[in-house]
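Report on the structure
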Amino acid sequence: MSATEQDTHQQDGDALGHEAAHWLLALEDDPDNTALHTTIAAWRARSAAHEQAWQETCATYGLMAHLPATTEAQWPPRSATVHVLPTRQAWRGMGWRVAASIAVLAFGSLTWQSWPMLTADYLNSGHQPNVVTLEDGSRLHLAPDSAVQVDYQPHQRTITLQRGEAFVEVSPNPQRPLSVSSGPLQVTAIGTAFAVRAQDSFSAAQVSVRSGTVQISCHGRQDDALQASAGSLIDADCQQSPRAFATRQQPPEQVAAWTHGQLVVNDRPVREVIAQLEPYLPGTLLVNADFAPTQRVTGVYTLDAPQEALQAVVSVHGGEVKGLAPWLMVIEDKK
């Protein structure tokens, strides 16, 4: 098995483990739910990998039940706010096993996608956008399920997007430019407002500019950097060759519309729109493999009512949303 195949296999296993953990927690919350039992049995029967993930998760859950609850004062808070987390040095001082246990207990489950919570300076684990004012006066908006590191030096300001999406209103300082990085992608501005959204691939991100001008580069290379102005929407992937940037235009006022309660979608795949709505939902969303629409979506959705928005997107494209527990929803293809 090649290194790429091993990585893919590991990520598939992590995803199944994440699903199994949510099913197990749902079952504990509502053990007499016959429909939930039936759905879990069907999920386990899909493949040997599904059953293995279930068995391993059950075993892990049994071990976690015996972990001593003696570190509550050190747990990251869990509420719909931007959290100022313990410093990265503090996490390292705990040791990775202790830190991982704290993260599991505080946030519910731990997969490869969850590690940013151990290293972030700011984390939004709630279901609504939040904003924090940084030391230079710049305003950092974090979408739900987003995490960043902030590193301010005398001649450079750097924000590292570890997960999710951030919108930055930059306090101008030509002698101290501000950059936002997502994987190998770097977006630099002197005085502007722009958003960066991490994609599933480590090398990819989406950049949108509300005002001013930004410079976008891969791996810090300036020879093929892109200058983007207000209204630009750039899909960037630093693994693509020869050109990493695909640019289209949108009204500047639609950039980071989530900061004022809207999701604006223009000709995007259904699955992508569902993924954008998921962090706003009050609970966990699972999408069955049988729901695989090929259509694309255009529309404006209210994020104050994310369940209704999800239902509107899914029902038009042949699916239905089922609530199996107070905080667990499943999307299935209509039978």
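Just so we're clear, the structure is a prediction, and the values are computed from it rather than from any experiment.

**Focus on the pattern of salt bridges**
What the rule picks out here adds up to 12 salt bridges. Notably, a salt bridge pairs Glu272 with Arg197, separated by 3.9 Å at the nearest N-O pair. With Glu272 in helix H7 (residues 270-277) and Arg197 in strand S10 (residues 193-198), the pair connects residues that are 75 residues apart, well separated along the chain. Using a relative accessible area of 12% as the deciding quantity, one classes Arg197 as buried. Linking Asp224 and Arg221 is a salt bridge whose minimum nitrogen-to-oxygen distance equals 3.4 Å. Since its relative accessible area comes to 36%, Arg221 is described here as partly exposed. Among the charged side chains, a salt-bridge network with shared partners connects Glu165, Arg197, Arg268 and Glu272.

**A word on H7**
Given 3.6 residues per helical turn, the α-helix brings residues three or four places apart onto the same face. Extensive coverage of H7 is indicated by the burial of six of its eight residues. Residues of H7 that are buried: Val270, Glu272, Val273, Ile274, Gln276 and Leu277.

**Remarks on the side chain of Arg176**
By secondary structure assignment, the location of Arg176 is in the loop between strand S7 (165-169) and strand S8 (178-182). Arg176 gets classed as buried once you look at its relative accessible area, which sits at 17%. Sequence-distant contacts of Arg176, defined by excluding residues within four places in its chain, comprise Glu135, Asp136, Tyr152, Gln153, Pro154, His155, Gln156 and Arg157.

**Comments concerning the sheet that holds strand S11 (residues 204-211)**
If you walk across this open sheet you meet the seven strands as S3-S4-S7-S10-S11-S14-S15, and the pairing is antiparallel. Since the sheet does not close on itself, it has two edges, and those belong to strand S3 (130-133) and strand S15 (245-249), each with one partner. Neighbour-to-neighbour, the strand axes of the sheet open up by a mean angle of 20°, direction not taken into account. Across five bridges, the pairing between S7 and S10 is antiparallel. Paired with Val168 across the two strands is Phe194, which belongs to S10.

What counts and what doesn't
- Residues numbered from 1 in each chain as written.
- Predicted model: local features only at pLDDT ≥ 70, side-chain atom pairs only at ≥ 80, totals over all residues.
- Heavy atoms only, no water.
- Salt bridge = Lys/Arg side-chain N within 4 Å of Asp/Glu carboxyl O.
- Helix = DSSP H or I, 4+ residues; strand = E, 2+ residues; numbered from the N terminus.
- Buried < 20%, exposed > 50% of the residue type's maximum accessible area, 1.4 Å probe, protein only.
- Contact = heavy atoms within 4.5 Å.
- Pairing = 2+ DSSP bridges.
- Axes fitted to C-alpha atoms, helices over the stretch in contact; angles between N-to-C directions.

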